[in-house]
Amino acid sequence: MTVTTHAGLPHPGTPDTHAGLPHPGRPDVHPPGLPRPGRTLVMGVLNVTPDSFSDGGPAFAADAAVAHGLALLEQGADIVDVGGESTRPGAARPSVEEELRRVLPVVRELAAAGAVVSIDTMRAEVAARALDAGARLVNDVSGGLADPAMLPLMARAGLPYVLMHWRGHSAGMQANARYDDVVADVLDELRLRIEAALEAGIAPGSLIVDPGLGFAKEPEHNWELLGRLGEVGALGHPVLVGASRKSFLGALLADRTTGRPRPAPQRDAATTAVSVLAAAQGVWCLRVHDVASTLDAVRVTARWGAEAIRGRAAQPR
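All values derive from a computational prediction rather than experimental measurement. (Residues numbered from 1 in each chain as written. Predicted model: local features only at pLDDT ≥ 70, side-chain atom pairs only at ≥ 80, totals over all residues. Heavy atoms only, no water.)

Caption draft 1: Spotlight on the pairing of strand S2 (residues 79-83). Most of S2 sits inside the fold, with five of its five residues counted as buried. Side chains of S2 alternate between two faces, with Ile 79, Asp 81 and Gly 83 and Val 80 and Val 82 buried alike. Pairing between strand S1 (residues 41-47) and S2: five bridges, direction parallel. Each bridged residue has a counterpart across the sheet, and for Gly 44 the counterpart in S2 is Val 80. Of the crossover connections in this fold, the one passing from S2 over helix H2 (residues 96-112) to the parallel strand S3 (residues 117-120) is right-handed. (Buried < 20%, exposed > 50% of the residue type's maximum accessible area, 1.4 Å probe, protein only. Helix = DSSP H or I, 4+ residues; strand = E, 2+ residues; numbered from the N terminus. Pairing = 2+ DSSP bridges. Right-handed = clockwise from strand over helix to strand, strands pointing away.)

Next up, the structure:
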């Protein structure tokens, strides 16, 4: 017999950790104050940086960034994730002042236009200023490790908080991609961050977890985590997955003749495939560059899942 959490996900270590969810394509746990469309959410990526791995540069100026954010909204993004610091492997950090200069005008304009805005930052000062400007969610890739003021801030704010698995800043993180069992190790480290967040006073229902694909992970680590997403969900919190255009997809789809990884802008079809499979496992949200194709994918997955549930219910017992 499989033991499940309130999220409908099997607990790790029980006999059936890969079983299908009762509601494939439709998450069962939801952070307060955020959209609930009856399917996996789509978070559009808006990098206000000159050097992000996939799209750094085109939306670097504030007016271009706002226009891109509005385009993501028009395509159907449930959330627009605004970030002013590149977290690609090897990236240098901007100053706090520079990060604020990049993101605040964009957050303010998009929130005024009706977008649900997430601020992608590891710095409590940037998070606080962005929340004042209208952001409704903080997406912290460090899970509160980069800035000790972050967890107390989020406890006071009472807003949803994404806590990602993290092993250090971008400049040297790939040196930390060493695991005995990547899934078990990531889960153990996420549990420690969840405990720290709860001890700081963050409400359990406000926490969202992210396994941190591509952050201190080799390609095989990312695939193992994707293959066992149910175990991440069994932590009992909504799950955010960010696989969009990442290098492990480029490595899988490398040119057969030259061996060169497929360029990032040409990885959207592969990203959509991952999105479908993740949505079928009941993840709460997918962080992607190509919103339109992902939205189509999760709508199809939710409809398919609803029919599968109906079919199971109609079977004689």
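There is more to say after this.
Caption draft 2: Region of interest: the pairing of strand S6 (residues 207-210). Side chains Leu 207 and Val 209 project from S6 onto one buried face, and the interleaved Ile 208 and Asp 210 project onto a second face that is buried too. One ladder, built from four bridges, connects strand S5 (residues 161-164) with S6; its direction is parallel. Paired with Met 164 across the two strands is Asp 210, which belongs to S6.

Caption draft 3: Fine view of the environment of Pro 50. By the secondary structure assignment, Pro 50 is in the loop between S1 and helix H1 (62-75). Distance from Pro 50 to Phe 60, taken between C-alpha atoms, is 5.8 Å for residues 10 residues apart in sequence.

Caption draft 4: View of the nonpolar core. Core analysis: the biggest nonpolar cluster contains 72 residues, and Leu 46, Val 82, Leu 110, Tyr 161 and Val 241 have the highest contact counts within it. Top element by residues in this core is helix H5 (residues 182-200). It accounts for eight residues. Those residues in contact with Leu 110, other than ones at most four positions away along the chain, are Leu 46, Val 66, Gly 69, Leu 70, Val 80, Val 82, Ala 115 and Val 117. With 11 residues, the next largest nonpolar core counts Leu 34, Val 116, Val 162 and Ile 208 among its residues. (Core = buried A, V, L, I, M, F, W, Y, C linked by side-chain atoms within 4.5 Å. Contact = heavy atoms within 4.5 Å.)

Caption draft 5: Main features of H1. Taking 1.5 Å per residue, 14 residues should reach 20 Å; H1 reaches 20 Å between its end C-alpha atoms and fits that length. Those residues of H1 lying buried are Ala 65, Val 66, Gly 69 and Leu 72. Angular distribution of buried residues about the axis of H1 spans 120 degrees; they occupy a single face of the element. Looking at H1, the residues exposed on the side facing more than 90 degrees away from the buried face are Asp 63 and Glu 74. At the C-terminal side of H1, Gly 76 shows a positive phi close to 110 degrees. (Expected span 1.5 Å × (residues − 1). Arc of directions from axis to C-beta.)

Caption draft 6: The pattern of salt bridges, seen in detail. One pass over the full model with this rule turns up 13 salt bridges. Between Glu 99 and Arg 123 there is a salt bridge; the shortest N-O distance is 2.8 Å. Of this pair, Glu 99 sits in helix H2 while Arg 123 sits in the loop between S3 and helix H3 (124-132); the two residues are 24 residues apart in sequence, bridging distant segments of the chain. Both residues of the pair, Glu 99 and Arg 123, belong to the buried class. Between Arg 303 and Glu 307 there is a salt bridge; the shortest N-O distance is 3.1 Å. Taken together, the residues Arg 303 and Glu 307, both in helix H10 (residues 291-314) and four residues apart, mark about one turn of the helix. When salt bridges that share partners are traced, they join Asp 81, Asp 120 and Arg 287 into one network. (Salt bridge = Lys/Arg side-chain N within 4 Å of Asp/Glu carboxyl O.)

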